[in-house]
Amino acid sequence: MTAHPPNTATAVFFAPARINLIGEHIDYTQGRVLPASLTLGTRVTMRPRADRQLSLHSVNLDESLQVSLPLGAQTRRGHWSDYVCGVAWALEELGISLAGAQLEIESDVPLGAGLASSAALEVATALALLERAGRRLPARELALACLRAESDWVGTRCGPMDQLIALYGRCGQALLLDCATLESRVIDVPADGAWILADTRVHHAHASGEYNARRSESEQLARAAATGGREMRSLRDFSSGDVAAVGASLSPVLARRLRHIATENRRVLDAVSALQRADLPALGALLSASHKSLRDDYEVSCPELDAMVELACVLPGVFGARMHGGGFGGCALILAAADRAAQIAETLRERYERATGIVPWIHLCRIGDAARRLR
Ligand code: ADP
Ligand code: MG
């Protein structure tokens, strides 16, 4: 940890949202994932205050709130401010004495759509609070403090992907992140491929219950993998032979869940090879295979996501598509030829609206840099 003079002037910080190219629902089983940071993100404008108050304003939600430092005795409120207070708490837990500030928060990320607006808010807040306090943290420690804010203060069971990519992302590159060791490697993303996000604009209410059910199932699977005379190994290393052998002793549902975990891990590594060869058709086929696996084996898709993926995949110039994020609504991620992306987005918008009666949010992603001070 390093120290520099406390900031007494206004400063603006940015942290990016992210897509995950492939590797869905395997972050919590110590799998490998392939996120990329976006140019979309959250800005926090920090204006110092002379007292030890944090006054917060979210432009997106048009809501303000004031809290006193230190936060130790306070608890979460079940409110968006928990993400900010959680970060302040996690930094204080590291022995950092924070100073008062006014934080104005503004994001161009759809909130709660699986693009990690929560991590963008945490990371931009952490940079602002550290600057105000005259302290710096290495990126990994900062990411882990933000993760702690979300898991221990807000109370969301999440993996470390979102916070790490917000701090490690690079323009034009994805990050192959090992969720077991937190080691990572940058992978170039070919510029002739366009990544299109297509938000179905639906959120089915059973999503969080189903998410928790998948986590419990994956814990059962990890226990099953560790027993039965097999050497202790991670689910991510299961070959198709292992899946067949272990699957025979499991219920049909658990056997399908295991098949998704094993095949999705394989697809992440295959996607890295495809990226290195700049083989967009191969990469697109992996995305589409991931969607089928999430739909049929992991059972986390929904009719609107399936419709978006099917409508996208028949369009000329589309290499492949899949549901993105936790599922049961939210976004699909589409890989397309960059020179046809604008037309694809337009056609998809019309066809999805015609099929479902819902106007989708469609966005052509740009892979941008990690969190930073803007001015
Ligand atoms: P995701 O991270 O995929 O967007 P989450 O449910 O993890 O979805 O986080 C979304 C929540 O984060 C929002 O409901 C809100 O509480 C908080 N949040 C994120 N960005 C902002 C913002 N700009 N203003 C206020 N709250 C925000
Ligand atoms: Mg989140």
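Residues numbered from 1 in each chain as written. Chains lettered and ligands numbered in written order. Predicted model: local features only at pLDDT ≥ 70, side-chain atom pairs only at ≥ 80, totals over all residues. Heavy atoms only, no water.

## Looking at the overall build of the chain
1) Next: From N to C terminus, the chain includes ten helices and 15 strands.
2) Next: Against the compact-globule benchmark of 21 Å for 375 residues, the chain has a radius of gyration of 21 Å, which places it among compact chains.
3) Next: Across its three principal axes, the chain shows a C-alpha extent of roughly 60 × 55 × 40 Å.
4) Next: Taking all 375 residues of the chain together, 56% fall into the buried category.
5) Next: Looking at the chain alone, contacts between residues at least 24 apart form 73% of all its contacts between residues at least 6 apart.
6) Next: Surface exposure of the chain reaches about 15200 Å², of which carbon and sulfur atoms provide 50%.
7) Next: Charged side chains of the chain number 40 positive and 42 negative; the gap between the two group centres comes to 3 Å. (Helix = DSSP H or I, 4+ residues; strand = E, 2+ residues; numbered from the N terminus. Rg over C-alpha atoms; globule rule 2.2 N^0.38 Å. Buried < 20%, exposed > 50% of the residue type's maximum accessible area, 1.4 Å probe, protein only. Contact = heavy atoms within 4.5 Å. Areas by Shrake-Rupley, 256 points an atom, 1.4 Å probe, with all protein chains shown as cover. Lys, Arg positive; Asp, Glu negative; His and termini not counted. Charge placed at Lys NZ, Arg CZ, Asp CG, Glu CD.)

## Comments concerning the pattern of salt bridges
Working definition: two side chains of opposite charge can pair if their charged atoms are close together.
1) Next: Counted under the stated rule, the structure contains 20 salt bridges.
2) Next: In this structure, Arg236 engages Asp178 in a salt bridge whose closest nitrogen and oxygen atoms are separated by 2.8 Å. Pair noted here: Arg236 is in the loop between α5 (207-226) and α6 (240-247) and Asp178 is in strand β9 (residues 173-178), with a separation of 58 residues, a long-range link. For the pair formed by Arg236 and Asp178, the shared burial category is buried.
3) Next: Across the pair Arg349 and Glu346 runs a salt bridge whose closest N-O atoms are separated by 2.8 Å. Note that Arg349 and Glu346 are positioned in helix α10 (residues 341-356) at a spacing of three residues, about one turn of the helix.
4) Next: Residue Arg349 is classed as partly exposed on the basis of its relative accessible area, which comes to 25%.
5) Next: Glu346 gets classed as partly exposed once you look at its relative accessible area, which sits at 36%. (Salt bridge = Lys/Arg side-chain N within 4 Å of Asp/Glu carboxyl O.)

## A look at the site of ligand 1
1) Next: Of all residues adjacent to ligand 1, which total 17 residues, the nearest are Ser58, Gly112, Gly114, Ser117 and Ser118.
2) Next: Ala116 has a polar backbone atom sitting 3.3 Å from an oxygen atom of ligand 1.
3) Next: Within the side chain of Ser117, a nitrogen or oxygen atom sits 2.6 Å from an oxygen atom of ligand 1.
4) Next: The fraction of the free accessible surface of ligand 1 (570 Å²) that becomes covered by protein chains is 80%.
5) Next: If you tally residues by element for the shell around ligand 1, the top one is helix α2 (residues 117-133), at three residues.
6) Next: Among the residues forming the shell around ligand 1, the class breakdown is nine nonpolar, seven polar and one charged. (Near = heavy atom within 4 Å. Polar contact = N/O pair within 3.5 Å; in protein donor to acceptor, adjacent residues only side chain to side chain. Nonpolar A, V, L, I, M, F, W, Y, C, P; charged D, E, K, R; others polar.)

## Things to note about the sheet that holds strand β13 (residues 329-337)
1) Next: The strand order β12-β13-β11-β14 describes an open sheet built from four strands, whose pairing is antiparallel. The open sheet has two edge strands with one neighbour each: β12 (318-323) and β14 (361-364). Averaged over all pairs of adjacent strands, the angle between their axes in this sheet comes to 20 degrees, without regard to strand direction.
2) Next: Strand direction decides the pairing type here: strand β11 (residues 193-203) and β14, joined by four bridges, are antiparallel. (Pairing = 2+ DSSP bridges. Axes fitted to C-alpha atoms, helices over the stretch in contact; angles between N-to-C directions.)

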